Structures are given as C-alpha cells and as structure tokens.
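Here's the letter readout for the chains.
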Amino acid sequence: EAGVTQFPSHSVIEKGQTVTLRCDPISGHDNLYWYRRVMGKEIKFLLHFVKESKQDESGMPNNRFLAERTGGTYSTLKVQPAELEDSGVYFCASSRDAGTYNEQFFGPGTRLTVL
Amino acid sequence: DAKTTQPNSMESNEEEPVHLPCNHSTISGTDYIHWYRQLPSQGPEYVIHGLTSNVNNRMASLAIAEDRKSSTLILHRATLRDAAVYYCILRAAYSGAGSYQLTFGKGTKLSVIP
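Residues numbered from 1 in each chain as written. Chains lettered and ligands numbered in written order. Predicted model: local features only at pLDDT ≥ 70, side-chain atom pairs only at ≥ 80, totals over all residues. Heavy atoms only, no water.

Novice: Give a detailed account of the overall build of chain B, specifying residues and quantitative values.
Specialist: Within chain B one finds zero helices and nine strands. The helix and strand sequence of chain B, counted from the amino end, reads β-β-β-β-β-β-β-β-β. Relative to the 2.2 N^0.38 estimate, which gives 13 Å for 114 residues, the radius of gyration of chain B is 14 Å and therefore close to what a compact globule would have. For chain B, the spread of C-alpha atoms along the three principal axes comes to 45 × 30 × 25 Å. Residues classed as buried in chain B amount to 46% of the 114 residues present. Taking as baseline every contact in chain B between residues at least 6 positions apart, the subset at least 24 positions apart corresponds to 58%. By element, 48% of the accessible surface of chain B is carried by carbon and sulfur atoms, the whole surface being about 5700 Å². Looking at charge distribution, chain B has the averaged site of its 10 positive side-chain charges lying 6 Å from that of its 10 negative ones. (Helix = DSSP H or I, 4+ residues; strand = E, 2+ residues; numbered from the N terminus. Rg over C-alpha atoms; globule rule 2.2 N^0.38 Å. Buried < 20%, exposed > 50% of the residue type's maximum accessible area, 1.4 Å probe, protein only. Contact = heavy atoms within 4.5 Å. Areas by Shrake-Rupley, 256 points an atom, 1.4 Å probe, with all protein chains shown as cover. Lys, Arg positive; Asp, Glu negative; His and termini not counted. Charge placed at Lys NZ, Arg CZ, Asp CG, Glu CD.)

Novice: Go over the sheet that holds strand β5 (residues 55–56) of chain B, please, and point to the residues and values.
Specialist: Residue and element names in this part refer to chain B. As summarised here, the arrangement of the four strands in space is β2-β7-β6-β5, forming an open sheet in which the pairing is antiparallel. The strands lining the two open edges of the sheet, one partner per strand, are β2 (18–23) and β5. Taken together, the six bridges between β2 and strand β7 (residues 70–75) define a ladder with antiparallel strand orientation. Each residue of the ladder has a partner; that of Asn23, found in β7, is Ser70. (Pairing = 2+ DSSP bridges.)

Novice: Quick rundown of the packing of aromatic side chains? Include the residues and the values.
Specialist: Counted according to the given criterion, the structure contains nine aromatic pairs over all chains. Seen from their ring centres, Phe106(A) and Phe104(B) are 6.1 Å apart, and the 80° between their planes marks the pair as edge-to-face. Taken together, the residues Phe106(A) in strand β10 (residues 105–106) and Phe104(B) in the loop between β8 (84–92) and β9 (108–113) connect one chain to another. We classify Phe106(A) as buried; its relative accessible area is 11%. Aromatic rings pair up to connect Tyr33(A), Tyr35(A), Phe45(A), Phe106(A), Tyr36(B), Tyr46(B), Tyr87(B) and Phe104(B) into one cluster. (Phe/Tyr/Trp six-rings, centres within 6.5 Å; stacked < 30°, edge-to-face > 60°.)

Novice: Which residues make up the interface of chain B and chain A, and what values go with them?
Specialist: Between chain B and chain A, the residue contacts involve 24 residues of the former and 21 residues of the latter. Taken over both partners, the interface formed by chain B and chain A buries close to 1800 Å², and the fraction arising from carbon and sulfur atoms is 53%. When the buried surface of chain B facing chain A is broken down by residue, Tyr100(B), Gln101(B) and Phe104(B) rank first, second and third, together holding 30% of it. Linking Glu42(A) and Lys106(B) is a salt bridge whose minimum nitrogen-to-oxygen distance equals 2.9 Å. Of all the secondary structure elements, the ones that give two or more residues to the side of chain B that touches chain A are β3 (31–38), β4 (44–50) and β8 of chain B. Counting residues per element, the side of chain B that touches chain A draws most heavily on β3(B), which supplies four residues. Each residue belonging to the side of chain B that touches chain A can be placed in one class, and the counts come to twelve nonpolar, ten polar and two charged. (Buried area = accessible area lost by both parts, 1.4 Å probe. Salt bridge = Lys/Arg side-chain N within 4 Å of Asp/Glu carboxyl O. Nonpolar A, V, L, I, M, F, W, Y, C, P; charged D, E, K, R; others polar.)

Novice: So what's going on with the sheet that holds strand β8 (residues 75–79) of chain A? Residues and values would help.
Specialist: Two strands in a sheet stick together by hydrogen bonds in their backbones, pointing the same way (parallel) or opposite ways (antiparallel). Residue and element names in this part refer to chain A. Reading across the sheet, the four strands line up as β1-β3-β8-β7 and stay open at both edges, with antiparallel pairing between neighbours. Strands with a single pairing partner mark the edges of an open sheet, and in this sheet they are β1 (5–7) and β7 (65–68). Ignoring which end each strand starts from, the neighbouring axes of this sheet average 15° apart. The pairing of β1 with strand β3 (residues 19–24) spans three bridges and is antiparallel. Within β3, the residue paired with Gln6 across the bridge is Cys23. (Axes fitted to C-alpha atoms, helices over the stretch in contact; angles between N-to-C directions.)

Following this line, the structure appears as structure tokens:
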C-alpha cells in the first residue's frame, strides 16, 4: 500500500509569490488533514477534509491560505501571496475514518522557504 | 484539549529499554492517550494508543497509571532507528468539529547511543 505522498519536497519562493502544495492520501482514505511546523515551533493543525468537504478549518491562519480537495482524492494547499512567516514544513496526513481510535498516516512533508 | 508534559530530551544506549514519561494531570475520563513519533526528515508516525489498560503492539508498550494522570511509552530494545521526537497526545472520544485533529506539544527528543 502506497503511503501519503506530497509534492514538491522542497519549494523556495520569494515573498509575494504564490505556491501550491499537493498531497495524495492513501487510497480509500476519506479523511485528509493538513498540518505545518513553522519557525521551529510545534506542529500545528490547519484543516481537515472529509472527502471533498471541509470538516474543520479552524487552524487556517488567514485568507492567504486556500485548501481544496476536488473529487475527494488529492488535495492542494495554495499560499497566495506568500509571506516570510509562512516558511516551514507542511505535512499532510490521511485516515480511513476520523474517530479517536484511528491513526493518521503522515506524508514526508513539503519544506517551504519564503525569501 | 488537556495538556501533556514531557521531558525535552532523553538518551538511551542501543539495545537497552527506554521509558518515555508523559504527565497529563488534567486528563478527562474519555481522553485517549496516543503516542506518535517523528524520525528525522520524516512526517510523524503513529506508535500506540490506550485508554486505561496497558497496551502492547509490535513497536512499543504503553503503561498507563491507575489514576491516568501519567503514562509511559516503553521501547523494549532501543535501536538507532528509534532516535526520534516522541509526542504524547490526548484525544477526546467524542465527535464534532475540532475533535479529530492531533495537538502536538514539544515532545521528547530521544537520542540512541551506539
């Protein structure tokens, strides 16, 4: 079974530019999550999709961030325009079900550097 | 979410047992205790979880105090591959918006000495 994949692995952009991160969850996993770790801080939750619907987007920092999951398969996270404080590692995770007992499977992350 | 407290770092010799503690004195009766770890340059990975009883799986054991205010993750024989940051996370057993996210703290950085 293929794991969660993320693309690109690294992205270096200049302040004000746009970047789109992609996540492909494990096949059959309806639940998809985005997290990030910025500036050496703790890993923080961004949002949770159930299929194509946003279940919880309470962690999205501001309206420069837009997440989509058209068709309930892969997801994209767009940052527009990127700011210096957006630099960090963005993780995607997926799970078959969303209950407390269900482990989340994480991808390797996308390292974003905003110059 | 209830808060967890873990030591910032620990060291272990290779092939020796490791006991990673976690305090969660404000845990509620329906909170599950989950452990994840993050190996260098990788995303977090699930290790184990439990509610009240001790749990064992192929990766580790979880010992939960009788009052549930603390727990210990036990790696029976540490290997170099076990060097990682270990996170103790409480997850509430209820449904509804906001209940499915994982809340990561600083975790414990485990170093394994050859």
